[in-house]
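# Analysis of the macromolecular model
In case you want the letters, here they are:
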Amino acid sequence: MAFVTLKELLTDAQRKRYAIGAFNTNNMEIVQAIVEAAVEERAPVILQASQGALRYAGIDYIMGLVRAAEKSADIPIVMHLDHGTDFNQVMLCLRKGFTSVMFDGSKKPLEENIAATRKVVEVAHAMGVSVEAELGKIGGTEDDVTVSEHEASLTIPAEAERFCAETKVDALAVAIGTAHGAYKGEPKLDFARLREIRKLVDTPLVLHGASGVPEEAVKRSIDYGICKVNIDTNIRQAFTKGVKEFIMENPSVFDPRKILGPAKEAMKEIIRAKIRLFGSNNKC
Ligand code: G3H
Ligand code: ZN
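Counting restarts for each chain, with residues numbered from 1 along the sequence as it is written. Chains carry letters and ligands carry numbers; both start at the beginning, A for chains and 1 for ligands, and go up in the order they are written. Under the rules for a predicted model, residues below a pLDDT of 70 receive no local features and side-chain atom pairs below 80 are neither given nor counted, while totals for whole chains, interfaces and linings still include all residues. Each side-chain value is worked out from all heavy atoms of the structure, with water and hydrogens disregarded.

### Notes on the coordination of the zinc ion (ligand 2)
Ideal values differ by geometry: the angle at a metal is 109.5 degrees with four tetrahedral donors, but 90 or 180 degrees with six octahedral donors. Distances define the donors: N, O and S atoms within 2.8 Å of the metal qualify, as do those within 3.2 Å of Na, K or Ca. Water is excluded, so some sites may look unfinished. Protein coordination at the zinc ion (ligand 2): the donors are His-83 (NE2), His-180 (NE2) and His-208 (ND1), at 2.0 to 2.1 Å from the metal. Written as a sequence motif, the donor residues of the zinc ion (ligand 2) are H-x96-H-x27-H. Highlighted residues: His-83 in strand β3 (residues 77-84) and His-208 in the loop between β10 (205-207) and α9 (215-223), separated in sequence by 125 residues. Like His-208, His-83 is buried. Labels follow the DSSP assignment, with helices taken as runs of H or I lasting at least four residues and strands as runs of E lasting at least two, numbered in each case from the N terminus. Three exposure classes are used, based on accessible area relative to the maximum for each residue type with a 1.4 Å probe and protein chains only: buried under 20%, partly exposed in between, and exposed over 50%.

### Some words on the layout of surface pockets
The definitions used throughout rest on a 1 Å grid laid over the protein atoms alone, on which a cavity is an enclosed set of points accommodating a 1.4 Å probe that cannot get out and a pocket is an open set flanked by protein within 12 Å on both sides along at least five of seven lines; lining residues are those having an atom within 4 Å of a point. Grid points are joined across faces, edges and corners, and a volume is the space filled by probe spheres set on the points. Roughly 400 Å³ of internal volume is contained in the largest pocket. Together, 22 residues line the largest pocket, and Gly-139, Gly-140, Glu-149, Ala-179 and Tyr-183 are the ones closest to its centre. Looking at the lining of the largest pocket, the elements that each hand over two or more residues are β6 (139-142) and β9 (179-180). A total of three residues in the lining of the largest pocket trace back to one element, the largest contributor, which is β6. Its volume calculated, the second largest pocket comes out at about 160 Å³. Along its surface, the second largest pocket is lined by 14 residues, and Leu-135, Gly-136, Lys-137, Ser-153 and Glu-159 are the ones closest to its centre. Contributions of two or more residues to the lining of the second largest pocket are made by α6 (110-126) and β5 (130-135). For this classification, the nonpolar set comprises Ala, Val, Leu, Ile, Met, Phe, Trp, Tyr, Cys and Pro, the charged set comprises Asp, Glu, Lys and Arg, and every other residue, Gly included, is treated as polar. Residue composition of the lining of the second largest pocket, grouped by class: five nonpolar, five polar and four charged.

### Considering the site of ligand 1
Surrounding ligand 1, one finds 16 residues, the nearest of these being Asp-82, Gly-209, Ser-211, Asp-232 and Thr-233. What qualifies as a polar contact is a pair of N or O atoms within 3.5 Å, subject to a donor-acceptor requirement within protein and to the restriction that residues adjacent in sequence count only when both atoms come from side chains. His-180 is positioned with one of its side-chain polar atoms (N or O) 3.0 Å from an oxygen atom of ligand 1. Here Gly-181 contributes a backbone N or O atom positioned 3.2 Å from an oxygen atom of ligand 1. For ligand 1, the protein covers 100% of the area, taking 310 Å² as the surface of the free molecule. Any residue with a heavy atom positioned within 4 Å of a molecule or strand is treated as near that molecule or strand. Note on areas: these come from Shrake-Rupley sampling with a 1.4 Å probe, and a residue is covered only by the protein chains present in the view.

### Quick word on empty space enclosed by the protein
The full count for this structure, using the stated rule, is one cavity of 30 Å³ or more. Roughly 80 Å³ of internal volume is contained in the largest cavity. As for the largest cavity, its lining consists of 15 residues, of which Glu-142, His-180, Gly-209, Asn-230 and Asp-232 are closest to the centre. Those elements that provide at least two residues to the lining of the largest cavity are β3, β9 and β11 (226-231).

### Notes on the environment of Glu-161
By the secondary structure assignment, Glu-161 is in helix α7 (residues 157-167). With relative accessibility at 38%, the residue Glu-161 sits in the partly exposed group. Sequence separation between Glu-161 and Asp-202 is 41 residues; the distance between their C-alpha atoms is 8.8 Å. In this analysis, two residues are considered to be in contact whenever any of their non-hydrogen atoms come within 4.5 Å of each other. Ignoring sequence-local partners within four residues, the contact set of Glu-161 consists of Leu-200 and Val-201.

Structure (structure tokens):
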């Protein structure tokens, strides 16, 4: 179908109370797994690349893969930069055709985060591109961005209200107790905080670090206003498990296509399950 902006997808999701899956990609098999899963579920989808993904694959390779997928798929697709921390790189993504960018100024003091995010919004909106920002500090590691347990801090609702009013972002990533990467124990989400933020802010809210969050907690967070859910770790785990299992069972096979095929299927399966959990299936 066509590339669409994050704003377009989240407006419908917010109105109808479901969430769009935002899945991290680094290579061809992951792009294919995400798009095939979304097509099979009839779900609008967000493909996102982190700074680490762009460094690993190269922005032109990533964009080339995503363009090829978009041509072959009859669903709305957003191409999004995940956790961009560098203004110039965000500008490069705009030039390369991303339809959405995240500017992550969460490590900056509030005033500086507002000023830097506003600058990105000004340029991106002039080009018809959506912007996601982050307030509070989500713990754990997402490629280039690491926040220690001690550094992590939850989003303050009154600050979220001011941040959204002053920056005019299209989506806000909130820190409500999730963390990037594999969880050691079960995460405890601060739903009261999420509800308070929702009361003060109309901007669509984003849940990061959602791999490993219990299904009930994900559903509840969507009920309370989350409309974009980010998944990376679960895809990496499915890929690695698929490759390991295949090699263990077929030690003499050395054809990469045979090794990566089952890994792609394993990723598709987990992505389809997430799409159904978020309620974005049968929406296009
Ligand atoms: O920005 C990406 C996500 O927040 C992914 O988090 O690796 O815990 O699924 P995750
Ligand atoms: Zn994240």
